[in-house]
Amino acid sequence: MPRPHGFAYEAHADGSVRITHHDRPATTLNGDRAARFLTEVTTGDPQLVMARWTGDYKHGNERTARNHPRNRG
């Protein structure tokens, strides 16, 4: 599985955090969620953390779904 890439975040003075993916807005976190995100992003792999917080990561069932009869071309 390829590693996530293209994520960036900006922490604002009001305590909010804006996460972008390839310069497009992905999500905005406020309050306690923003504080937890900032703690986690500084201690782990930033790209993986941002992918997880935005929901933009693989779940492990992509191959199974691709081989399902309704998804075959």
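Residues numbered from 1 in each chain as written. Predicted model: local features only at pLDDT ≥ 70, side-chain atom pairs only at ≥ 80, totals over all residues. Heavy atoms only, no water.

(A) Geometry of the overall build of the chain. Assigned secondary structure in the chain consists of three helices and three strands. Along its sequence from the N terminus, the chain presents helices and strands in the succession β-β-β-α-α-α. Within the span of the chain, comprising 73 residues, buried residues form 18% of the whole. Taking the contacts inside the chain whose residues are at least 6 apart along the sequence as the reference set, 31% of them involve residues at least 24 apart. Total accessible area computed for the chain in this model is approximately 5,600 Å², and 49% of it derives from carbon and sulfur atoms. (Helix = DSSP H or I, 4+ residues; strand = E, 2+ residues; numbered from the N terminus. Buried < 20%, exposed > 50% of the residue type's maximum accessible area, 1.4 Å probe, protein only. Contact = heavy atoms within 4.5 Å. Areas by Shrake-Rupley, 256 points an atom, 1.4 Å probe, with all protein chains shown as cover.)

(B) Spatial organisation of the environment of T43. As for its placement among the helices and strands, T43 is situated in helix 1 (residues 31–43). From its side chain, T43 meets the backbone oxygen of T39 in a polar contact 3.3 Å long. Reaching out from T43, the side chain makes a polar contact with the backbone oxygen of E40 at a distance of 3.1 Å. (Polar contact = N/O pair within 3.5 Å; in protein donor to acceptor, adjacent residues only side chain to side chain.)

(C) Looking closely at helix 1. Given a rise of 1.5 Å per residue, 13 residues ought to cover 18 Å, and the 19 Å separating the end C-alpha atoms of helix 1 matches this to within 8%. Close packing links the buried residues of helix 1 with strand 1 (7–11), strand 2 (17–21), strand 3 (24–29) and helix 2 (46–54). (Expected span 1.5 Å × (residues − 1).)

(D) Local environment of the sheet that holds strand 3. Spatially, 1-2-3 is the arrangement adopted by the three strands of the open sheet, whose pairing is antiparallel. What marks the edges here is a single partner per strand, and that holds for strand 1 and strand 3. Geometrically, the sheet is characterised by an average inter-axis angle of 25° between neighbouring strands, direction not taken into account. Sheet topology places strand 2 next to strand 3; five bridges connect them, and they run antiparallel. Across the sheet, H21 pairs through a bridge with R24, a residue of strand 3. Strands strand 1, strand 2 and strand 3 of the sheet are contacted by helix 2, whose axis makes an angle of about 80° with strand 1. (Pairing = 2+ DSSP bridges. Axes fitted to C-alpha atoms, helices over the stretch in contact; angles between N-to-C directions.)

(E) Fine view of helix 2. Along helix 2, the residues that are buried comprise V49, M50, A51 and W53. Buried residues belonging to helix 2 abut strand 1, strand 2, strand 3 and helix 1. Backbone geometry just after helix 2 places G55 at a positive phi near 85°.

(F) Structural view of the nonpolar core. Counting 11 residues, the largest nonpolar core consists of F7, V17, I19, L29, A34, F37, V41, V49, M50, A51 and W53. Every element with two or more residues in this core is listed here: strand 2, helix 1 and helix 2. The greatest single-element share of this core, amounting to four residues, is contributed by helix 2. Setting aside anything within four residues of it in sequence, one finds V17 in contact with Y9, E10, A11, T27, T28, L29, A34, F37 and L38. (Core = buried A, V, L, I, M, F, W, Y, C linked by side-chain atoms within 4.5 Å.)

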